Every structure is written in structure tokens, then in C-alpha cells.
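# Geometric and topological summary
Spelled out, the chains give:
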Amino acid sequence: MSLQEVLSELDGFTVEVPSWAYGNSGTRFKVFTTPGTPRDPFEKIADAARVHALTGLAPRVSLHIPWDRVEDFGALSAHAEEHGVGIGAINSNLFQDDDYKLGSLTHADPAVRAKAVAHHLDCVAVMAETGSTDLKLWLPDGTNYAGQDSLRARQDRLAASLAEIYAALGPEQRLLLEYKFFEPYFYAMDVPDWGTALLHCQALGERAQVVLDTGHHAPGTNIEFIVMQLLRAGRLGAFDFNSRFYADDDLIVGSADPFQLFRIMVEIVAVDAHRPGSGVNFMLDQCHNIEDKIAGQVRSVLNVEQALAKALLVDTEALTAAQDAGDVIGAHDVLMDAFHTDVRGPLADRREARGLPRDPMAAYRASGYAAEIAAARVGGTQAGWL
Ligand code: LRH
Ligand code: MN
Ligand code: MN
């Protein structure tokens with residue numbers, strides 16, 4: 001098979017970009033503002049649409065509620081469509097309300113739990129208005145001290161709250177449950193790992209699936225193993241891609257460790273989960289604190305495409321033969337051959353053939369869009385989570 005034939009597997013592969021990547025962001029120490037930062041969700045979508053126009057890879061934008069709350073979500077959806085993109089997952093937010101200091105969906109007080117459930121029903125209403133099919137829920141609940149609350153009771157309350165939310169979803173809609181092992185609590189998070197997320201999803205039903213955020217694991221965790229295991233269970237609903245050195249750094253995916261991203265994609269390709277309709281939503285969850293945000297997003301989606309292209313190049317016949325023969329080095333070499341292949345030229349050829357810029361980054365720089373928005377927008381908003 002020719003290289004371009006192998007790469008035709010990329011047809012239809014998409015990456016979903018987060019609205020919050022286009023807002024100002026930073027650390028608890030400092031938020032640097034960037035000229036041209038969007039002032040509202042409409043402008044965030046316009047910027048996201050640029051990324052899609054340049055790469056042909058990013059036709060959906062995830063929203064975060066209430067960061068992206070607008071009067072008329074139908075109008076936001078129509079605006080997205082006019083710009084050539086659509087609305088993707090709707091993210092709920094349980095981490096910025098004083099009532100949730102001791103928990104939201106797990107809180108001991110039924111009134112607080114009811115409020116947190118109601119927020120999700122509100123998100124489901126946004127899904128109806130925008131045509132979104134994914135409700136994404138990251139649970140920031142947890143405890144800071146042993147004995148602070150019953151670990152077990154919190155799981156029981158969570159299961160009951162999730163069941164109420166799940167019951168509100170339509171037959172075409174999914175609940176995506178994201179785990180994280182630390183932060184904002186440091187003794188015990190209530191959904192710290194993929195096992196806990198999976199158990200809750202299995203209890204809920206088929207349309208409850210796990211979200212794997214690459215920044216949400218302890219150092220040294222073998223993430224591709226988790227990818228493989230969730231795929232085996234039929235429960236890998238989505239990725240939140242980003243890159244990290246230390247913790248949940250949310251930097252450009254594939255920047256610190258492109259090899260890890262490749263290894264993840266090898267597991268994806270092994271079961272054709274890169275193909276449209278596989279049920280895996282390849283999302284980014286990133287922010288760009290010091291770099292240009294649109295360029296940062298362009299680099300991110302290209303990095304994901306590149307990792308997938310290399311994974312597609314793995315000679316699976318040779319790999320299986322080496323594995324079956326117990327040829328340890330031989331098998332490893334087959335994988336590394338694919339990883340070391342430079343796919344940038346062939347991917348540029350593919351883009352050109354599809355009427356896209358060969359070099360999206362150069363095209364972005366030459367477009368003058370950054371200067372245009374810097375002149376037009378004054379006082380861009382913060383992404384929301386600081
Ligand atoms: C939590 C998280 C989750 C939130 C996003 C802003 O760390 O990954 O996905 O919605 O960050
Ligand atoms: Mn995330
Ligand atoms: Mn995160």
C-alpha cells in the first residue's frame with residue numbers, strides 16, 4: 001500500500017477544540033493578556049473556525065457552561081455554522097460556586113446535590129439548543145483530610161446524582177465522565193481514576209463513557225494501557241488532550257512527549273477508533289498562557305494528526321510476526337520505525353490536495369488575522385477558571 005493510501009485513513013478524522021483555549025489564561029500567579037483575545041463566545045468561535053479553515057481538522061468547538069453562557073444558544077449555533085464549524089461537547093462546571101466547598105454531586109446536603117444536578121439539566125437544555133450530543137462532566141469533588149467525610153457515602157451519593165443526570169439525556173446523547181487524581185482536593189478525589197469512572201459509567205448504562213484527560217495522571221502512569229483497557233470495555237468516550245511535565249499543565253498536546261501521544265494513537269488505530277463513528281471524541285483541553293492562542297491551537301491539532309499518521313504507518317503484520325516469535329527487539333523496532341518516520345511532507349501534500357494550505361502556520365501568519373483581531377477587540381475576557 002502506498003503512503004498516501006495508508007494516510008487516506010485520516011479522512012474524516014477530527015479534533016474538537018475548546019472554547020476556553022481562546023480566552024486569556026494563566027496560573028494562580030499571573031494572567032498575561034493577549035491582544036485580540038475574544039470578548040465573548042461568538043468571538044471565541046470565530047477564532048476556532050480559523051483553526052479549522054487552516055487545518056481542515058477541527059470542525060467542532062466544546063463549550064463550558066457558565067463561561068460560554070449566552071442569551072440565545074440557537075444564535076451561537078447558527079454563528080458557528082456560518083463560520084463552518086459546529087458545537088461539540090457541553091462541559092458542566094462544579095468548581096466555582098461557594099456552595100460546593102465540601103462537594104457538589106457528592107455533598108452530604110441533598111439541597112446542594114439537587115442544585116448540582118439542576119446545573120446539569122440546564123446543560124442538557126443547552127445541548128438541545130445547540131445540537132450537542134456530549135455532556136461532559138468533570139467532578140472536582142473530594143476531601144482534604146482523612147475522616148473528613150465518608151469515602152463510601154460520597155460514592156453512593158455520586159451514583160444517585162449521576163443517575164438523575166443520565167436519566168435526563170436523550171437516546172442520542174452521552175454522558176462523558178472525566179477523572180483526575182488530585183486537585184482541587186488533595187486527600188481523596190471522588191473520581192480519581194479510570195476505574196472509578198468506569199464503574200460509575202457501567203452502573204449508568206451504555207451511553208455513559210469515560211473521558212481520559214492526558215494531564216490527569218500521576219507521573220509515570222502508562223496512559224496507553226488505560227486507553228487500551230477502556231477501548232476493550234467499549235467505554236472510551238473521549239480524550240481531553242494536552243501536555244504536561246509536572247501536573248495538569250494543559251500545554252500544547254504532543255509538545256513534551258510526542259512519543260506518548262504516538263503510543264496512545266497506536267492503541268487507537270489497533271481497533272480503528274480513529275474512524276468517524278467509533279464513538280471516541282478527540283478533544284483538546286488546553287490553554288495558551290504565553291503563546292499566541294490560535295497558533296497554539298493550530299500546532300495542537302497538527303500534532304494530533306501527526307501522531308495518528310505515524311501510528312497508521314506501523315507495519316502491523318511485521319509487528320505481530322515479531323511479537324508471536326518472541327522477538328523483543330524486533331517488535332520494538334517495528335514500532336520505532338513508524339515513530340521515526342517524518343510524515344510532515346506527506347501530510348502537507350494531503351492538505352494541498354484538499355485545497356488547504358500546505359503550511360497552516362505560515363498561512364496563519366501571512367493572513368494578518370492576529371493584527372486584525374488585535375485592532376478590533378479591546379478588553380478580551382479571561383477563560384474563566386482562575
Ligand atoms: C479539570 C479539567 C476539566 C475542566 C477543564 C477546564 O482539570 O481538565 O476538563 O472542565 O479542566
Ligand atoms: Mn479536562
Ligand atoms: Mn485538567
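From a predicted model like this one, the values you see are computed outputs, not experimental measurements. (Residues numbered from 1 in each chain as written. Chains lettered and ligands numbered in written order. Predicted model: local features only at pLDDT ≥ 70, side-chain atom pairs only at ≥ 80, totals over all residues.)

## With respect to the packing of helix α8 (residues 258–270) against helix α9 (residues 293–312)
Stated precisely, the cut-off is as follows: Axes here mean lines fitted to C-alpha atoms, for a helix over just the part in contact, with angles spanning 0 to 180 degrees between N-to-C directions. By definition, any uninterrupted DSSP run of H or I lasting at least four residues is a helix, any uninterrupted run of E lasting at least two residues is a strand, and each is numbered from the N terminus. The scheme is simple: roughly parallel for angles under 35 degrees, roughly antiparallel for over 145, roughly perpendicular for 65 to 115, oblique for anything else. Left-handed describes a crossing whose near helix is turned anticlockwise from the far helix by less than a right angle; the clockwise case is right-handed. Throughout, a pair of residues is in contact if the C-beta atoms placed from their backbones lie within 7 Å. When residues are grouped by polarity, Ala, Val, Leu, Ile, Met, Phe, Trp, Tyr, Cys and Pro land in nonpolar, Asp, Glu, Lys and Arg in charged, and all others, Gly among them, in polar.
Where α8 meets α9, the closest approach of the two axes is 8 Å, and the angle between their N-to-C directions is 55 degrees. In this view, α8 runs oblique relative to α9, as classed from their interaxial angle. Helix-helix and strand crossings are classified by hand; for α8 and α9 the assignment is right-handed. On the side of α8, the interface is formed by Pro258, Leu261, Phe262, Met265, Val266, Ile268 and Val269, while α9 contributes Asn303, Ala307, Leu308, Lys310, Ala311 and Leu312. Residue composition of the contact of α8 with α9, by class: 11 nonpolar, 1 polar and 1 charged.

## Concerning the pairing of strand β3 (residues 86–91)
Residues in a regular strand point their side chains to alternate faces of the sheet. Just so we agree on the cut-off: Working definition of burial: number of other C-beta atoms within 10 Å of the residue's own, with buried at 20 or more, exposed at 12 or fewer, and partly exposed in between, all C-beta atoms being placed from the backbone. Paired strands, as defined in this entry, are two strands with at least two bridges between them according to DSSP. Orient the strands so they point away from the viewer; a crossover is then right-handed if the path from the first strand over the helix to the second runs clockwise.
Within β3, 5 of the 6 residues are buried, leaving the element largely enclosed by the surrounding structure. Strand direction decides the pairing type here: strand β2 (residues 60–64) and β3, joined by 4 bridges, are parallel. Residue pairing in the sheet places Leu63 in a bridge with Ile90 of β3. In this fold, β2 hands off to helix α3 (residues 73–82), which returns the chain to β3; that crossover is right-handed.

## A short note on helix α6 (residues 194–204)
Which entries qualify depends on this criterion: Of all possible arcs, the one meant is that of the directions from the helix axis to the C-beta atoms.
For α6, the full list of buried residues reads Trp194, Ala197, Leu198, His200 and Cys201. Around the axis of α6, the buried residues are gathered within 165 degrees of arc, so they sit on the same side. On its buried face, α6 sits against α5 (151–167), β6 (174–178), β8 (208–213) and α7 (223–232). Where α6 terminates, the next one or two residues include Gly205, which has phi positive at roughly 145 degrees.

## Details of the nonpolar core
Note the following rule: As used throughout, a nonpolar core is a set of buried Ala, Val, Leu, Ile, Met, Phe, Trp, Tyr and Cys residues joined through C-beta atoms within 7 Å of each other.
Of all hydrophobic cores here, the largest spans 92 residues; its most connected members are Ala48, Leu175, Leu177, Val210, Leu212, Met265 and Ala311. It is α9 that contributes the most residues to this core, 10 residues altogether. Every residue in contact with Ala48, bar those within four places of it in the chain, is listed here: Val17, Ser19, Tyr22, Ala58, Val61 and Val85.

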